[in-house]
Amino acid sequence: MTSAPSPIENLLTENRTFDPPEQFLERNPVIHCADMETYKALYERSMNDPEGFWAEQASKSHWFEPWTKVLEWNCPDAKWFVGGKTNMCFNCVDRQVEDGLGDQYAILWEGEPETGSPEGHEVRRITYGALKRDVSRFANALKSLGVKRGDVVTLYMGMVPELAIAMLACARIGAAHSVIFGGFAASAIVDRVQDAQSKVIVTCDGAWRRGSVVPLKANVDEACTRLPGVEHVVVLKRCGNDVQWSEGRDQWWHTLIHGQSDDCACEHMDSEDLLFLLYTSGSTGKPKGIRHTTGGYMVYTATTARYTFNLEPGQRQIFFCTADIGWITGHSYTVYGILPNRVPTVMYEGAPAWPAEDRFWDMVERHRVTHFYTAPTAVRAFMKWGEEYPRSHDLRSLQVLGTVGEPINPEAWIWYHETIGNECCPIVDTMWQTETGGHIITPLPGCTPTVPGSCTLPFFGIDAAVVNEQGEELPANAGGLLVIRKPWPGMLRGIHNDRERYIDTYWSKVPGMYLAGDGARRDERGYFWIMGRIDDVINIGGHRLGTMEVESALVSHDAVVEAAVVGMPHEIKGTGLAAFVTLGPDCGDANHDELRESLRDHVAKEIGAIAKPDMIRFTNALPKTRSGKIMRRLLRDIAAGKEVTQDTTTLEDFSLLAKLRESDE
Ligand code: PRX
């Protein structure tokens, strides 16, 4: 635990403003939105005539058949580009080939150094032409397994190009994908595959991470003991580790694509056909499958990527998003938003500090990366490792820096600006969510003056506001609920199999408005400041976890009777996990350090390593109200080492407070 101030507290006092750097303006002849007048005019247009604005954006994509209506809105159900027929894969791949760009690079992938390849860097540069061939072969392979339009294929892979290929192959044939982050454990696979009813899982033998093999196939095997509906497991050979084989069910990727035709027509998908499910944590129960459909998501990711990063194929650009594709950031800004913009996208395998802390800077230098997009937690880690790592590389190719996933504290922002951006790269602090499909509040480079810690102004078409529970907009600087009052093309179309939860979570608290689940304020100039989640979702270094999920994992350990999990300030992650745990009667003599390790391991096994608590305190009882509710806010104060200022008169047992403070860590 650390006594570092919460990044969120820091934000509230920041007011330095940074105008778009001159060098950026000089180096970029084309800036899609070059000044605030243009921004305001376009924003106003998008508010006053959303259908006209979005029709114009959508016309930049390829449609087999045009839409008949831009929007059909029956709150909370949106249909965009109604009647339009298109294909996401066609827009990402074929279109470039048809326009004679087949020899240009689409994906630039780098394996984990040393372990992936003994000679050093294993790099694959995949052109649009090669991508079309590989995607078509795999699409035909999926068809040969019986995958049809409308099915959901689960992808549980490492960061290899074949993950992007598999996603695009699904999109090509009209199957939806559900990507599961490779850091999740077997039981996370079980929940997601069951909910999605996937019959096919695509995985790898293993994934390289920090010189070790993450046993992806073994995790799938374990999950499959509880998944009788899974008919096929396709296994990409990546690490060469031993794997168990289930004859009839398992097939090697390379065997399966052998002899498959390079030709596979793109299905003409309805604009509202499901493109993918992506499971994300909510405040209660199991992860929810967020539904994104084809046309709206396609238009929204391409448009946001184009403006937020000023993508322009005529200007030599290389886009590097460090997120794993298992999260929405990788879906939208490694794959779907970038490829149609004809800018090469960088994928990397491994971990940021392996084999050394300069992994990213080494890649930026060798590949002449122009756009670098990462999470504040990573920036804080870079700061801690020391500036000698970036200083030992030539980072002058960089032009735009981005952050995503959580508020960035001004100290980290300034460091990013000076040490990585050499004060000449705009920083885009992009606020958005799995549910929003793409950026909703963000600066535009070369346009928006930035203030460290603020995600600044809404993207075109986003009617964002800070309101009270009656839906009334609050005055400047008053904290309230972040909502979006109009539909936008990238919005989720529901939670898979759970209509009620969709309505409850997003549309009930403030009727008629989309509730983001974040607290926010807007300052005098209209800039947004995100103040953190208002529900029991915690952002751990930009990764979203529900406290309930971690609590259920802890309680499933034999020694544990009850557990409460809250967020606490953490120097690197921004927010860490603190667990308060009551033990069963048999554990009186147990060694607490060993038990703590055993609990951490157990959580890693149940959910994945990202969910391991940073602090575990054992206690005889948890503080509860008389009606039996755990007092989480009080636990948050205790975990943060703060004085407990809130009213504790409803606390069952006053002496518990003192005990909780004392209990060892
Ligand atoms: O709390 C907000 C935070 O991340 C949440 C969404 O998490 P997830 O769906 O996993 O998507 C993360 C990547 C898009 C939001 O509700 N968040 C995301 N970006 C920012 C942010 N908080 C502050 N500033 C941001 N730029």
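Residues numbered from 1 in each chain as written. Predicted model: local features only at pLDDT ≥ 70, side-chain atom pairs only at ≥ 80, totals over all residues. Heavy atoms only, no water.

A. Representation of the confidence of the model for the protein chain in the model. The share of residues in the protein chain with pLDDT of 70 or more is 94%, and the mean pLDDT across the chain is 93. Summarising per-element confidence for the protein chain, the mean pLDDT is lowest in helix α1 (residues 7-11) (45) and highest in helix α7 (residues 161-173) (99). Within the model, the stretch residues 1-11 combines pLDDT values under 50 with 30 contacts to residues more than four positions away or in other chains. (pLDDT = per-residue confidence, 0-100. Helix = DSSP H or I, 4+ residues; strand = E, 2+ residues; numbered from the N terminus. Contact = heavy atoms within 4.5 Å.)

B. Examining the nonpolar core more closely. Grouped together as the largest cluster of nonpolar side chains are 162 residues, with contacts concentrated most on Leu-131, Phe-138, Leu-168, Trp-253, Tyr-336 and Phe-460. Once residues within four sequence positions are removed from consideration, Phe-138 is found in contact with Ile-165, Ala-166, Ala-169, Val-202, Val-234, Trp-253 and Ile-257. In terms of nonpolar packing, the next biggest core, distinct from the first, is built from 26 residues, Tyr-348, Trp-361, Leu-395 and Tyr-416 among them. (Core = buried A, V, L, I, M, F, W, Y, C linked by side-chain atoms within 4.5 Å. Buried < 20%, exposed > 50% of the residue type's maximum accessible area, 1.4 Å probe, protein only.)

C. Inspection of the sheet that holds strand β16 (residues 319-321) at higher detail. Reading across from one edge, β5-β4-β17-β16-β18-β19-β20 is the order of the 7 strands in this open sheet, with mixed pairing throughout. At either end of the open sheet lies a strand with only one pairing partner, and these are β5 (123-127) and β20 (427-430). Each strand of the sheet is rotated relative to its neighbour by a mean of 20°, with strand direction disregarded. As judged from the 4 bridges shared by strand β19 (residues 400-404) and β20, these two strands associate in the parallel manner. Counterpart to Leu-401 in the pairing with β20 is Ile-427. (Pairing = 2+ DSSP bridges. Axes fitted to C-alpha atoms, helices over the stretch in contact; angles between N-to-C directions.)

D. Summary view of the pattern of salt bridges. All told, the structure shown has 42 salt bridges when counted by the stated rule. For Lys-217, the salt bridge is made with Asp-221, and the minimal N-O distance between the two is 2.7 Å. With Lys-217 and Asp-221 both in helix α9 (residues 216-224) and 4 residues apart, the pair spans about one turn of that helix. This pair shows no difference in class: Lys-217 is buried, exactly as Asp-221 is. Residue Asp-637 pairs with Lys-642 through a salt bridge whose shortest N-O separation is 3.9 Å. Since its relative accessible area comes to 14%, Asp-637 is described here as buried. In this structure Lys-642 comes out as partly exposed when scored by relative accessible area, which is 39%. Ionic contacts of the salt-bridge type, sharing partners, join the residues Asp-463, Glu-473, Arg-485, Lys-486 and Arg-522 into one network. (Salt bridge = Lys/Arg side-chain N within 4 Å of Asp/Glu carboxyl O.)

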